[in-house]
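# Coordinates in review
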Amino acid sequence: MQTTEHASPAVGAYPEQARWAGAAMLFGSGLSNQVGAAIGALAFPVIGPAGVVAMRQWVAGIVLLAVGRPRIWTFTWRQWWPVLLLALVFGTMNLSLYSAINRVGLGLAVTLEFLGPLAVALSTSRRRVDVACAVVAGLGVVALTRPQPTTDYLGIGLSLLAAVCWASYILLNRTIGRRLPGAEGSAAAAGLSALMFVPVGVVVLVQHPPTFEALARAGAAGVLCSASPFLVDLFALRRFPAHFFGVFMSVNPVLAALVGLVILGQSLEWSAWLSIGAIVAANAVSVLAPGRRDATG
């Protein structure tokens, strides 16, 4: 049975070349995720967010099971419980995010979802600079989602649910990376999540017969949004310190807004861009300021 803890290297033990390689890897993961989300959103008119997410989970499950080849019969309960939680979080995160994208747009949904990893980053420190960054990020969110007659509160709520799930996703992936070798834990979680969406997907696809184009877009979202980033995140969280990972999570709202503009034609007002900039800057300052202590390892 696999019970070995895979300890993370100490902060500062990463050569410059490894940091650049990690930056490129995480940037590519973020871009893949946002492009996939935009492509998946193009299938909403045919099969809706639930249909796209079901297809996405199925494709991700198949790909990751093939890559990770989990030996589930060797898992102990100590290894199983984070895998089961990650499967639930993975599906809930994707369904809530895609439903939010359908209501409030890609840029806004992903910006609010980003509050999850920001909270994880801030929770590892009690420094004044982190508190200040949290205040700035909070003000940015208020400015971005300021109450108006046309404010979609359900869409905002779904984005915030996705934020909670993303924070849980980070913590659970770190735990799984320490308790299971390779991609076995993540593959098992992806496979379980795919099974959870079988009844949802069947009902949706029967009620809304898909076109080949819609299925292709949803399948592409499964590879670009789930399979590739899932593996990259797992190995990044295992190899790099949490603050390094957090810095590059901050590019996601910017990438989402740019991809939403280019692929979906979803423009944002100048005030929204300022708010996005404030949230990203707050996270970057928090994780780059000297003297940080990584409590998660």
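Computed from a predicted model, the values in this text were never measured in an experiment. Throughout, residues of each chain are indexed from 1 in the direction in which the sequence is written. Local features in a predicted model are, by the rule used here, given only for residues with pLDDT of at least 70; side-chain atom pairs are given and counted only at 80 or more, and totals for whole chains, interfaces and linings are based on all residues. No hydrogens and no water enter the side-chain calculation; it runs on all heavy atoms of the structure.

### Examining the overall build of the protein chain
This is how it is decided: A run of H or I in DSSP counts as a helix once it spans at least four residues, and a run of E counts as a strand once it spans at least two, with each numbered from the N terminus. Each residue gets one of three labels from its accessible area relative to the maximum for its type: buried under 20%, exposed over 50%, partly exposed in between, using a 1.4 Å probe on protein chains only. In this analysis, two residues are considered to be in contact whenever any of their non-hydrogen atoms come within 4.5 Å of each other. Values of accessible area rely on a 1.4 Å probe in the Shrake-Rupley scheme; residue burial ignores everything except the protein chains shown.
On a plain count of helices and strands, the protein chain comes out with 13 helices and zero strands. Reading the protein chain from its N end, one meets helices and strands in the order α-α-α-α-α-α-α-α-α-α-α-α-α. Relative to its 297 residues, the protein chain shows a buried fraction of 54%. When contacts within the protein chain are restricted to residue pairs at least 6 apart in sequence, long-range pairs at least 24 apart make up 91% of them. When the accessible area of the protein chain is evaluated, it comes to approximately 12,900 Å², of which 71% is carbon and sulfur surface.

### Concerning the UniProt feature "transmembrane region" (unreviewed entry) in the protein chain
Convention followed: UniProt positions are given in the numbering used here, feature names are shortened, and annotations may be inferred rather than shown by experiment.
UniProt's entry tags residues 35-68, 80-98, 153-172, 184-206, 218-237, 244-264 and 270-289 with the feature "transmembrane region" (unreviewed entry), counted in the numbering of this structure. Taken as a whole, residues 153-172 contains 100% helix and 0% strand, while its terminal C-alpha atoms sit 28 Å from one another. From the first C-alpha to the last, residues 184-206 spans 33 Å; its make-up is 96% helix and 0% strand.

### Looking at the environment of Tyr 169
For Tyr 169, the location among the structural elements is in helix H7 (residues 153-179). Put simply, Tyr 169 and Leu 88 are 81 residues apart on the chain and 9.7 Å apart in space, counted from C-alpha to C-alpha. Beyond its immediate sequence surroundings of up to four residues, Tyr 169 is in contact with Leu 86, Val 89, Met 93, Pro 229, Phe 230 and Asp 233.

### Things to note about the side chain of Ser 96
Put simply, the rule is: Polar contacts, as counted here, are pairs of nitrogen or oxygen atoms within 3.5 Å of one another; within protein the pair requires one atom able to donate a hydrogen and one able to accept it, and residues that are adjacent in sequence qualify only if both atoms are side-chain atoms.
Residue position: Ser 96 is located in helix H3 (residues 77-104). Its relative accessible area of 4% is what places Ser 96 among the buried residues. At 2.8 Å, the side chain of Ser 96 and the backbone oxygen of Thr 92 are in polar contact. Excluding its chain neighbours within four sequence positions, the residues that come into contact with Ser 96 are Leu 158, Leu 161 and Ala 162.

### Notes on the packing of aromatic side chains
The condition that has to hold: Planes of paired rings set the category: under 30 degrees apart is stacked, over 60 is edge-to-face and the rest tilted, where pairs are Phe, Tyr or Trp rings (Trp by its six-membered ring) whose centres lie within 6.5 Å.
Taken as a whole, this structure holds two aromatic pairs when the rule is applied. Here Phe 44 and Tyr 98 contribute two aromatic rings whose centre-to-centre distance is 5.9 Å and whose plane-to-plane angle is 65 degrees, an arrangement assigned as edge-to-face. With Phe 44 in helix H2 (residues 44-68) and Tyr 98 in helix H3, this pair connects stretches of sequence that are 54 residues apart. In this structure, Phe 44 and Tyr 98 share a single accessibility class: buried.

### Some words on unusual backbone geometry
Positive phi, close to 45 degrees, is recorded for Arg 69, a residue that is not glycine. Note that Arg 69 resides in the loop between H2 and H3. Among the residues examined, Arg 69 registers a relative accessible area of 66% and is labelled exposed.

### Focus: the nonpolar core
If you look at soluble globular proteins, the nonpolar side chains tend to sit buried side by side. Just so we agree on the cut-off: Residues belong to a common nonpolar core when they are buried Ala, Val, Leu, Ile, Met, Phe, Trp, Tyr or Cys residues joined through side-chain atoms within 4.5 Å.
Of all hydrophobic cores here, the largest spans 33 residues; its most connected members are Val 83, Leu 86, Trp 166 and Tyr 169. Sorting the residues of this core by element identifies H3, helix H4 (106-113), H7, helix H8 (184-196) and helix H10 (212-239) as the ones contributing at least two each. Apart from residues lying up to four places away in sequence, Leu 86 is in contact with Tyr 169, Leu 172, Asn 173, Ile 176, Ala 189 and Phe 230. By size, the runner-up hydrophobic cluster in this structure holds 26 residues, among which are Met 55, Leu 97, Ala 214 and Ala 218.

### Considerations on the confidence of the model for the protein chain
Note the cut-off: Note on scores: pLDDT gives the predictor's confidence for each residue, bounded by 0 and 100.
Looking at the protein chain, pLDDT values average 78 and 80% of them are 70 or higher. Per-element averaging of pLDDT across the protein chain places helix H11 (residues 242-249) at the bottom with 62 and H8 at the top with 90. Low pLDDT (under 50) marks residues 6-13, which in the prediction has 18 contacts with non-local residues, meaning those over four places away or in another chain.

### Considering the packing of H3 against H4
Quick note on the threshold: Interaxial angles span 0 to 180 degrees and are taken between N-to-C directions of axes, which are lines fitted to C-alpha atoms, for helices over the stretch in contact. Put simply, angles under 35 degrees are roughly parallel, angles over 145 are roughly antiparallel, angles from 65 to 115 are roughly perpendicular, and the rest are oblique. Left-handed is the label given to a crossing in which the near helix is rotated counterclockwise from the far helix by less than a right angle, and right-handed is the label when the rotation is clockwise. Each residue is assigned to one of three groups, with Ala, Val, Leu, Ile, Met, Phe, Trp, Tyr, Cys and Pro labelled nonpolar, Asp, Glu, Lys and Arg labelled charged, and all others, Gly among them, labelled polar.
Between H3 and H4, the least distance of the axes is 7 Å, while the angle of their chain directions is 140 degrees. By the angle between their directions, the pair H3 and H4 is classed as oblique. Seen along the crossing, H3 lies across H4 with a hand that is right-handed. Of H4, the residues touching H3 (which contributes Met 93, Leu 97, Ala 100, Ile 101 and Val 104) are Leu 106, Leu 108, Ala 109, Val 110 and Glu 113. Of the residues in the contact of H3 with H4, the class split is nine nonpolar, no polar and one charged.

### Here we look at the packing of H2 against helix H9 (residues 198-207)
Two numbers describe how H2 lies on H9: the axes approach to 9 Å, and their chain directions differ by 135 degrees. Relative to H9, H2 is oriented oblique. Relative to H9, H2 is oriented so that their crossing is left-handed. On H9, the residues touching Ile 47, Ala 50, Gly 51, Ala 54 and Trp 58 of H2 are Val 198, Val 200, Gly 201, Val 202, Val 204 and Leu 205. Residue classes in the contact of H2 with H9 are distributed as nine nonpolar, two polar and no charged.

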